[in-house]
Amino acid sequence: MLKLKQKINAVLEHAEPNLPIIGLFGTIGYPLFYLVWKYLIPQPYENLALRLAEAVVSLPWLFHRHLPKKLKEFFPLYFVISVPVLLPFFFHYMMLKNEWSVTWAMSSMACLFLLVLIINDWLFICTYTLAGFAMAYAAVYATDGHVSYTYFQIEYIPTYLFAFFGCLIANHKRHNALQTKMSLMRSLSGSIAHEMRNPLSSITNALGTVQSIIPDKPDKHDAQQTFNLSYSCLVRIHEVIGESLSTIKRGNKIIDSILVTLQDSIMDINNFKKVAAKQTIQAAIANYGYNDMREKELIVDATTINFDFLGDKDLLIYVLFNLLRNALHYKDKPGFKIEITTRKGITTNHIRVRDTGPGIPQGKRELIFERFYTYGKSGGNGLGLSFCRRVVESFGGTITCDSEEGQWTEFIISLPAYTSKASNDLKREVLKSRRILIADDQISNRLLLTKFLSEWNCIIDEAVDGKQVVDLVAKKRYDLIFMDFEMPFITGDRAVSMMRHRLDIEPELARHYTQVPVIGITALPMSEALPRASACGMNEVLAKPLKCMDINKVLERYFFSEIPLLSDDLGEALSKSRILLVDDNETSRKFMCMILEHYGCTIGQADNGLAAIRLLEQRDFDLIVMDMEMPVMNGVETAQAIRKGEGLSRFMNFREIPIIALTGNTDPASIARVKDAGMNHFLSKPIFREKLVASIADWLNYGSATGETTEKAATNSATPSMATWEELCNEHILDFAVIDGLTEVTGNELRISLLEVFIREAETLIEALAQAASVGNLELIEQLSHTLKGSSGSMGAARLFVLSRHLNDLSRNGRWPDHENWAVIMKNTFEQTAEEMRLGLKIEHETNLEHTENSRLHPL
């Protein structure tokens, strides 16, 4: 009885959307068609009373959604009884009363089609049709005493049977398709629910962590009370929020990927990164949703070899989840285990997942990757392995199945090596959607940088000055910006500062530009460029002339790297290290303390040198970060005292402990003071977070080598060349290594164009230098020599480069050029440079013509 009730409810549920329309048709149509068959197309028999009765029976169908609640409980039973009365009985009764006329034979067939539309169960259709005909036959026989077959034709029988069974077959297929869809949706929802269990569990644990950190929920009488959180608690809350947001994003990514597979759409590759296979496999094993821990013990992680691939870590984890879930279905087999191994090849690397389950027949090993195909277990949706194949293929790889029936099954995921051509091609596809802005007032630098980036299919815009940069970032969303420092109207660092502070930028873009990577490009000494970059918010600085390798590293770092700014080695060095911060500026100490505590450092603080020495005598420290300018005892005095061991009897590491100076002055004299005082390294203010962390970690890890190199580099870059103009003129006119490099990366045609542009620009700059010299404008000489230095270095004009660099070093330090004929030397050098460049281009042109002529006269 319960099954019958369930079946009636299922039939009613299927019919429900059509009931109001059919009820309206019955209520109005039955009486209306009386007029049609009585007067417009007269039939031998009509019955208004019967039609009115049928209209009344139709009324509950029309208003079933608005019936009182008590009556609704009886509507399923009413529906089951009324269907044969409204349809098969009425139409068959009218057909028999009209003695099998063609009109009513066709109407009876239409009734059959309508019945199939309403009812989705073939057994109900057969029952209703037979019961309706039987009731109609009995009613006619009871009223007339016989049933007449005046207009009956034998052709009615095969036609009616064909329509009847055709409708049954069509209805059965439709019903099966509906059931399949419902089963798929149930299975799919179960799959999504299963995959969301881990993210939701992580979020639940995260919320529990937050609840354990924050104070208990206050009562109403505590409304005026103030609650305080410690710094470490606040940091931990933000970490939990960040982890939870990442978890939600991963969950959304998995759902989107499942739906992509279901809809046969293209996988999204825009977030592909460099991923380490071994760590990904370990994460999958650790985070899989096991039913019990005994399942985890069945998995053997034999991944001794690590390799990198281009893809999505979360998606590969989900692929491994699918393979683990399929394998664990057979966990009860004696001796069952799952082994995961890796193997490295020349251009392709492999992940192997092997289980000792029942195996898969050879004829099924390819079918299992098709959508909606399942084998060996019930309740699946046939999407798992199809999804796995789509994911792996989106990585540029393959997934195959091998097996020995009764023994084992093995899935092999083959992925292109990270440095392979296949991975580089995939990178180009990813970078197609990346928009990059190049800002430089020198056309040769813009052309060269455009050439480097165009190799990767990036979308490139150019700006010739800072004002244009500000206008462009206010309108467009850039993913990466290369910014020259010295440009007309607004300098590059000023433009970056405006961007970081959201000046004149629409709100929807403003937040983006606080995070977008900005790479400074300059011919300035690094001792000048780095502090300016730090102050305005640039991420890093590249020295001109730019090299293809440097640009590729930038693209790799900001578009494909998942490695944090602090490497694992540096993180280990910082963890549990003891750092003494010495600075009279409390804000500065708090800033550095927040950063270093985040990485697990133990911090001591002192506001002057004397307090620092007293603290060293009380506690042990591994490194000192100390400001140069402080009251009571400044940085130099403190460092000298520490190195001599003054005031220290307990602390015995005073000679070896690394000391890093914080200074706003990076001139040679200040650097010399740092070194002479016994300090190991210096950082220029304002302090970069990355630079602070990396410098401390480097000194903790590697000792003084890094610092010595830094000091020398900074000193050399900050000191003007001491060579004479005559000595500098001994430099080769052209650097053919640079010119050949240009040919290699740009091709002959673009290289020729670049050299011609350079000659025109350099001639203009040389003339402007002469005019600046005539009026004694040292500031203009500095600007012009800076521009000439950058372009000549990029184009391989070696002598012009060293001369303009020397001139720029002098003028930037406020010194007039130290040769009375320096302008003449610059002009002569330019003319020699232009002559050799033009001669080289002419010889190359003639060689090409000769080669072309020989090819024409002596074809192969």
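Residues numbered from 1 in each chain as written. Predicted model: local features only at pLDDT ≥ 70, side-chain atom pairs only at ≥ 80, totals over all residues. Heavy atoms only, no water.

**Things to note about the overall build of the protein**
A tally of regular secondary structure across the protein gives 32 helices and 17 strands. Here the protein holds 860 residues, and the buried ones make up 46% of them. Counted over contacts in the protein with a minimum sequence separation of 6, partners at least 24 positions apart contribute 70%. (Helix = DSSP H or I, 4+ residues; strand = E, 2+ residues; numbered from the N terminus. Buried < 20%, exposed > 50% of the residue type's maximum accessible area, 1.4 Å probe, protein only. Contact = heavy atoms within 4.5 Å.)

**Regarding helix α7 (residues 122-144)**
For α7, built from 23 residues, the straight-helix expectation of 33 Å at 1.5 Å per residue is met to within 8% by its first-to-last C-alpha distance of 33 Å. Within α7 the residues assigned to the buried category are Phe124, Ile125, Cys126, Tyr128, Thr129, Gly132, Ala136 and Val140. Two residues or fewer after α7 comes Gly145, characterised by a positive phi angle close to 80 degrees. (Expected span 1.5 Å × (residues − 1).)

**Considering the side chain of Ser394**
Tracing the chain through its elements places Ser394 in helix α13 (residues 384-394). Ser394 gets classed as buried once you look at its relative accessible area, which sits at 13%. If we skip the residues at most four places from it in the chain, Ser394 touches Met267, Ile269, Phe272 and Leu426.

**Some details on a negative patch on the surface**
A cluster of acidic side chains, namely Glu763, Glu767, Glu831, Glu835 and Glu836, defines a negative patch on the protein surface. Secondary structure elements with two or more residues in the negative patch: α29 (736-775) and α32 (822-857). Looking at the negative patch element by element, the count peaks at three residues for α32. By the secondary structure assignment, Glu831 is in helix α32. (Patch = residues over 30% accessible without salt bridge, like charges linked within 9 Å, V, L, I, M, F, W, Y side chains within 5 Å. Areas by Shrake-Rupley, 256 points an atom, 1.4 Å probe, with all protein chains shown as cover. Salt bridge = Lys/Arg side-chain N within 4 Å of Asp/Glu carboxyl O. Lys, Arg positive; Asp, Glu negative; His and termini not counted. Charge placed at Lys NZ, Arg CZ, Asp CG, Glu CD.)

**A word on the packing of aromatic side chains**
What the rule picks out here adds up to 23 aromatic pairs. Between Phe90 and Trp104, the ring centres sit 6.3 Å apart and the planes meet at 75 degrees, which makes this aromatic pair edge-to-face. Remark: Trp104 occurs in helix α6 (residues 102-118) and Phe90 occurs in helix α5 (residues 75-97); sequence separation between them is 14 residues. The two residues Phe90 and Trp104 agree in class, both being buried. (Phe/Tyr/Trp six-rings, centres within 6.5 Å; stacked < 30°, edge-to-face > 60°.)

**Considering the nonpolar core**
Ile351, Ile413, Leu449, Phe482 and Met826 are the most contacted members of the largest nonpolar core, which has 98 residues in total. Ignoring any residue separated from it by four or fewer positions in sequence, one finds Phe482 in contact with Ile436, Leu437, Ile438, Ala439, Leu449, Leu453, Ile519, Ile521, Leu542, Ile551 and Val554. With 46 residues, the next largest nonpolar core counts Tyr45, Met94, Cys111 and Tyr128 among its residues. (Core = buried A, V, L, I, M, F, W, Y, C linked by side-chain atoms within 4.5 Å.)

**Thoughts on unusual backbone geometry**
Backbone geometry places Glu99, a non-glycine residue, at a positive phi of 55 degrees. Structurally, Glu99 is set in the loop between α5 and α6. Using a relative accessible area of 28% as the deciding quantity, one classes Glu99 as partly exposed. One non-glycine residue, Trp100, adopts positive backbone phi at about 65 degrees. Relative to the elements of secondary structure, Trp100 occurs in the loop between α5 and α6.

**Considerations on the pairing of strand β4 (residues 338-344)**
Where strand β2 (residues 299-301) meets β4, three bridges bridge the pair, whose relative direction is parallel. If you follow Ile299 over to β4, its bridge partner there is Ile338. Pairing of β4 with strand β5 (residues 348-355) involves seven bridges; the strand directions are antiparallel. Within the sheet, the bridge partner assigned to Glu339 lies in β5 and is Arg354. Between β4 and β5, which pair antiparallel in sequence order, lie three residues. (Pairing = 2+ DSSP bridges.)

**Here's the deal with the sheet that holds strand β13 (residues 578-582)**
On the basis of which strands lie adjacent, the open sheet formed by five strands has the order β14-β13-β15-β16-β17 and parallel pairing. A strand with exactly one partner marks an edge of an open sheet, and here the two such strands are β14 (602-606) and β17 (681-684). When strand polarity is set aside, the average angle formed by the axes of neighbouring strands in this sheet is 20 degrees. Pairing of strand β16 (residues 659-663) with β17, which is carried by four bridges, proceeds in the parallel orientation. Bridging across to β17, Thr663 finds its partner in Ser684. Against the sheet, helix α24 (residues 635-644) contacts β15 (623-627) and β16, and its axis sits at roughly 150 degrees relative to β15. (Axes fitted to C-alpha atoms, helices over the stretch in contact; angles between N-to-C directions.)

**A few points about a nonpolar patch on the surface**
Together, Leu24, Phe25, Ile28, Leu32, Phe33, Leu35 and Tyr39 make up a nonpolar patch on the protein surface, roughly 700 Å² of accessible area in all. Take Leu35: it is sitting in helix α2 (residues 19-40).

**Side note on the pattern of salt bridges**
Taken as a whole, this structure holds 27 salt bridges when the rule is applied. In this structure, the salt-bridge partner of Arg65 is Glu16, at a minimum N-O distance of 2.9 Å. One end of the pair, Arg65, is in the loop between α3 (48-62) and α4 (69-72); the other, Glu16, is in the loop between α1 (2-15) and α2, and 49 residues separate them in sequence. Here Arg65 falls in the partly exposed class, since its relative accessible area comes to 46%. According to the relative accessible area criterion, Glu16 is partly exposed, its value standing at 26%. Note that Asp461 is salt-bridged to Arg435, the shortest N-O span being 3.2 Å. You can see Asp461 sitting in strand β9 (residues 459-463) and its partner Arg435 sitting in strand β8 (residues 435-439), a full 26 residues away along the chain. Exposure remark for Arg435: the relative accessible area of 24% places this residue in the partly exposed category.

Interpretation note: all reported values are geometric properties and have no functional meaning in isolation.
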